[in-house]
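Fold and geometry: a report
Here is what each chain is made of, one letter per residue.
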Amino acid sequence: MPLRITTLNVNSIRIRLDVLARVVDEINPDILCLQEIKIETPNFPLAAIEALGFKHQHVYGQKAYHGVAILSKLPFYSVGTRTWCGSDHARHCFVTLENGVEVHDFYIPAGGDIPDAELNPKFAHKLQMLAEMEDWLQGMPDRSAKMVVVGDLNVAPLEEDVWSHKQLLNVVSHTPVEVEAFTRVQRAYDFTDALRVLVPPPTKLYSWWSYRNRDWEVSDRGRRLDHVWLSPSIKDRLLGGSIHRTARNWDQPSDHVPVTVDLDL
């Protein structure tokens, strides 16, 4: 059976348990990676999540902001967390499965509204984290690791990853400086963009639609902010995947939707 991994920015675990139950019902992932859980680690709803079938849980939380979690039906061999930019913002946790595959769950800063690092500390923080990620990956001595990197990476890198390339060139998440930094991170370990293998350009592909859009489906002003990357040693193990667009219409949805890949691991 393939290994199914789903990533979702849940935008507060406290109010999305029904959404997670529906993810289990409709997608049935073996591993579910969450971002923006917005809860301290001791307060994470462990029992409710275990009732959904995820016996193994690795949580890195923070009160009211950020936070990531990896939920799995499969046992972990080891777990860890990593801090970035000298701040314990709970943006990266990882596990190693019994087959040696590392799953890394990231939440990169959104970056605020002004795409200028001198005027906007949030944008500067985003660029700093991307730069540190690039250095971290380039410094890895083992270039053959079996790595799956998932999460809300908060950059829509391709023209086809946004509803209007021209209109969003100066909008945070699609600016040239972000795309360049993001691309350097991806190339630092020669990651494969799994969803764009399955759905190559020029097809448009989104995973996020703003709550500000009164009718998100009609306007369809989306961006692809949620990603799955595969390291070179497992890029040929990709069997399939999808973006569960219909989840944006569920009751009390996140502004992100689940992104899933199936791997022969």
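Residues numbered from 1 in each chain as written. Predicted model: local features only at pLDDT ≥ 70, side-chain atom pairs only at ≥ 80, totals over all residues. Heavy atoms only, no water.

Points about the overall build of the protein
Of regular secondary structure, the protein possesses seven helices and 14 strands. Referenced to the eigenvectors of the C-alpha coordinate spread, the extents of the protein come out at roughly 45 × 45 × 35 Å. Counting over 265 residues, the protein shows a buried share of 55%. Considering only intrachain contacts with a sequence separation of at least 6, the fraction spanning at least 24 residues in the protein is 66%. (Helix = DSSP H or I, 4+ residues; strand = E, 2+ residues; numbered from the N terminus. Buried < 20%, exposed > 50% of the residue type's maximum accessible area, 1.4 Å probe, protein only. Contact = heavy atoms within 4.5 Å.)

Description of the pattern of salt bridges
Counted under the stated rule, the structure contains nine salt bridges. Put simply, Asp262 and Arg4 hold a salt bridge, and the shortest N to O gap is 2.7 Å. Placement of Asp262 in strand S14 (residues 259-263) and of Arg4 in strand S1 (residues 3-9) is noted, with a sequence separation of 258 residues between them. Notably, a salt bridge pairs Arg22 with Glu26, separated by 2.7 Å at the nearest N-O pair. With Arg22 and Glu26 both in helix H1 (residues 17-26), this residue pair falls four residues apart, about one helical turn. Under the relative-accessibility criterion, Glu26 is labelled partly exposed at 36%. What emerges from the salt-bridge pattern is a single network uniting Asp161, Asp193, Arg196 and Arg224. (Salt bridge = Lys/Arg side-chain N within 4 Å of Asp/Glu carboxyl O.)

Regarding the nonpolar core
As a rule of thumb, soluble globular proteins bury nonpolar side chains together. Grouped together as the largest cluster of nonpolar side chains are 52 residues, with contacts concentrated most on Ile5, Leu34, Ile37, Phe44, Val103, Val148 and Val228. If near-sequence neighbours (up to four positions away) are discounted, Phe44 is found in contact with Ile13, Ile37, Ile39, Ile49, Gln57, Val59, Ala69 and Leu71. Of all hydrophobic cores here, the second largest spans 23 residues; its members include Met147, Val185, Ala188 and Tyr189. (Core = buried A, V, L, I, M, F, W, Y, C linked by side-chain atoms within 4.5 Å.)

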